[in-house]
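Descriptive structure summary
Given next are the chains, with one letter for each unit.
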Amino acid sequence: MLRIGIYTRVSSTGQLDGHSLQTQLERLKELADAQFAGSEYELAIYEEEGLSGTLPPAQMTEGVQTKQRPALTRLLADAEAGQLDAVLFYSVSRLAREEAVFFPAKKKLDNLGVPYRFLDADVDPATDEGALLIGILGIFAATQLRQHKRRIKDAFAKRREEGYTPGGQPPYGLMWQQRDDVPKGGRRGWVQDQHAARWAKWMQERYTAGWTTTKIAEEATRLGVARPSGSNARWDSSAVRKVLVNPFLAGLITHPDGSLTEGQHYEERLWDPEERELMVKRLTRNRKVGSTTVKSTHFPLSGIVTCGHCGARLHGRTNNTGKRFYMCSTQHQHGKEACVGVSRLADPIEKAVTQTIRELATMEHVRDLATEETLSLLNEEKGRLVAHRQDLARERTRTQESIDRLTDMRIAGELTVEQYRVQNDRLWQHCQDLVQQIEEVDRQVEEQNSRHVELETARETLQNFNAVWDALDPDEQQEALRTVIEYAKLEPADGKDLLLRLKVVFLPEKQIPMPSYIKRKTTSGLGSLSPRDLAYLWHKRAGLDDRAIARLWDTTKQNAITRWRGIKKRLDVQTVEKAIEQAADRLDTEKHALPLLGRVNKRADKQVKFAWTKKRRQILAGLVADMPAHELAQSLGICTKTLSERIRRMKRHAGVKTVAELLAWARQAEIIDADA
Ligand SMILES: [Zn+2]
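What comes next is a walk through the structure.

Each value, and the rule that gives it
- Residues numbered from 1 in each chain as written.
- Predicted model: local features only at pLDDT ≥ 70, side-chain atom pairs only at ≥ 80, totals over all residues.
- Heavy atoms only, no water.
- Axes fitted to C-alpha atoms, helices over the stretch in contact; angles between N-to-C directions.
- Helix = DSSP H or I, 4+ residues; strand = E, 2+ residues; numbered from the N terminus.
- Parallel < 35°, antiparallel > 145°, perpendicular 65-115°, else oblique.
- Left-handed = near helix turned anticlockwise from the far one by under 90°.
- Contact = heavy atoms within 4.5 Å.
- Nonpolar A, V, L, I, M, F, W, Y, C, P; charged D, E, K, R; others polar.
- Buried < 20%, exposed > 50% of the residue type's maximum accessible area, 1.4 Å probe, protein only.
- Pairing = 2+ DSSP bridges.
- Core = buried A, V, L, I, M, F, W, Y, C linked by side-chain atoms within 4.5 Å.
- Expected span 1.5 Å × (residues − 1).
- Bend = angle between axes of the 7 residues up to and from the residue.

Another point: the packing of helix α22 (residues 640–654) against helix α23 (residues 659–668). Each pair of packed helices can be described by the angle between their axes along with the distance between the axes. Following both chains from N to C, one finds α22 and α23 inclined at 60°, their axes separated by 10 Å at the closest point. Considering the angle they form, α22 stands oblique to α23. As for how α22 packs across α23, the hand of that crossing is left-handed. Packed against α22, whose contacting residues are I647, M650, K651 and A654, the element α23 presents V659, L662 and W665 at the interface. Residue classes in the contact of α22 with α23 are distributed as 6 nonpolar, no polar and 1 charged.

Structure below.
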């Protein structure tokens, strides 16, 4: 019987662009039916979910620490081991989205001699023409991705050139403008937050007057000045420093190359760029060691999502087991009295946000409708402004002509000095008014233009979002989110559940329920055991000790012990052995359903096998023969203490108390002959 490998990949969970894993699988099954009609075959399915086509398989990384594609890795390994007779791919772009991945992978497949086909290219890669076409398609897939990325980056750059401030929470001293006259979906600009701006300026004045940042911080704390998050945490010198050097507060915006330009909020600046320049110079001179913080963990939504209770931004945090959280910064700094707060695991929130944007980005009609509508609104407004400006300009020309005529009449002596002066003053005043009005209209047109840019950026980002999301760098991902998200609030819903209110610019708000942690049906009894609990018991029964189990699950021995405690409590037993006894049925029947068991099984098996070395078997044989301990130890070349330690370990592996029980167990496990 032939064994056909089938490879499918989606770069995101639940991809919505018509290439879902299910679709890919069905089409490939049809292809297999057509290709291998008449012969018996079975399918080996290699599925990759949530991984970009720019990632390599493990075979191509050579010790370099990078994210890999496990399914493709397995497929290549199986092909190499001769377990596959052919391989089918859904498309060239599923195999790779980057030349540096595509060509080595193709070469690897060619060298293995296992025939392979792509659904989107009806050619044999083993022929010259086929190889050429596949190569072109591979380059095309990579180019396509790069183009998408380029377009998003261009849009970002244009947005920055226009002086747009980033989305998310503005820095201390500034806030989002609350305005009603903004057209649907348009984002507001930054304005001074009167209260905070006063304190920021106070700090700047003190610093210019010669105070140190530490002294300013102490004084600010003493005066009870609220911190940026709206909380009452103490100011420290680094928080003051942040305020003083922040380019945004000097009306500037930052570019990726480190350069600074005037932002759209320039008029709202707290001090001039030159003043900031001076402070930066003084601060860097006073600073002994630069304390650049390295971002080790990435939180793309940090500063974007806000707390529904107090409005403070949520901060990304990592707990001691390495789990990532978003948590209300007020609560974090002040505890539950300051804000009851919200806190959630980062993954589900990030998934909900990106998934929602993905959906908005794929529902073409929604996207087009919203943007077309907004665009026509913007255009209408702009048309009106332009027409109005023309009227004003004409009026100004007419007034100017009247003034000229007046001068002529005065020269011709048709007007008295008094008459001339009165009329001239009136006309000049009118002219000045018109100039001012024209300037105001120009400002409004400018605003309309930049709103167009924002709309374009948002549209470019949304349009390319699905194609590039996984291929973007973390910083680019964050920028993409900031570009399209107007706000994201995590609010309390029913009980422990939360509601995520997400508004993408120019589109209506979305409400996504964020349920609290998965509730277990029962808190005691067998039903309360989680799949991982069962897996732990299963491993224990297989003879692994706590350290080995902890290693398998990438955790500490202490955590493993804590888990045993929980299991024993829920099953109301005193020992783990009793727990295993109670759960025996579930362990036997659900063995295959245990998550990750497959993943760790191989490692577990290895460790169990390792436990039954030749020496251990010899010890068992000696025990069966009832040899005295010192004699047995001598025959093995070890001391009696080591021997008893070894026996103790074997008993623990077998989960038994006495030597007799160990031997019985070993017979049953066929480690020693049953009739021995
Ligand atoms: Zn809060």
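Across the 7 residues of strand β14 (residues 498–504), 6 count as buried, placing the element largely inside the fold. Between strand β13 (residues 485–492) and the antiparallel strand that follows it, β14, lie 5 residues; G495 among them carries a positive phi value of about 55°. One ladder, built from 5 bridges, connects β14 with strand β15 (residues 510–514); its direction is antiparallel. The partner of L500 across the bridge, within β15, is I512. Counted between consecutive antiparallel strands, the loop separating β14 from β15 contains 5 residues, among which F506 sits at a positive phi close to 70°.

Time to look at the pairing of strand β11 (residues 324–328). The element β11 is largely enclosed, with a buried count of 5 among its 5 residues. Taking every second residue as pointing to the same face, both faces of β11 are buried, with R324, Y326 and C328 on one and F325 and M327 on the other. Bridge count between strand β10 (residues 314–318) and β11: 5 bridges; the pairing is antiparallel. Residue pairing in the sheet places G316 in a bridge with Y326 of β11. Looking at chain direction, β11 and strand β12 (residues 343–345) are connected through 3 bridges and run antiparallel. Each residue of the ladder has a partner; that of M327, found in β12, is S343.

With 39 residues, the main nonpolar core has V353, I357, L481, I485 and L490 as its most contacted residues. Here this core gets 7 residues from one element, more than from any other, and that element is helix α11 (residues 346–362). Among the nonpolar cores identified, the runner-up in size contains 29 residues, and M203, A239, L244 and M279 belong to it.

Turning our attention to unusual backbone geometry. Of note in the backbone geometry, D572 takes a positive phi value of approximately 55° without being a glycine. Tracing the sequence through the fold places D572 in the loop between α17 (557–571) and α18 (576–589). Phi is positive for D626, close to 60°, though the residue is something other than glycine. Tracing the sequence through the fold places D626 in the loop between α20 (614–624) and α21 (629–636).

Here we come to helix α13 (residues 417–468). For α13, which comprises 52 residues, the first-to-last C-alpha distance of 74 Å matches the rise-based estimate of 76 Å (1.5 Å per residue) to within 8%. At L462, α13 shows its maximal kink, close to 30°.

Quick look at the sheet that holds β10 now. Read across the sheet, 3 strands follow the order β10-β11-β12 without closing on themselves; strand pairing throughout is antiparallel. Both edges of this open sheet fall to β10 and β12, since each of them pairs with a single strand only. If you compare each strand with its neighbour and ignore which way they point, the axes differ by 25° on average. Running at roughly 85° to β11, α11 makes contact with β11 and β12 of the sheet.

As a further point, take the packing of α20 against α23. Relative orientation of the contacting elements α20 and α23 amounts to 120°, with a least axis distance of 11 Å. By crossing handedness, the relation of α20 to α23 is classed as left-handed. Taken together, the residues of α23 that come into contact with α20 (itself represented by L620, L623 and V624) are V659, L662, L663, A666 and R667. In terms of residue class, the contact of α20 with α23 is made up of 7 nonpolar, no polar and 1 charged.

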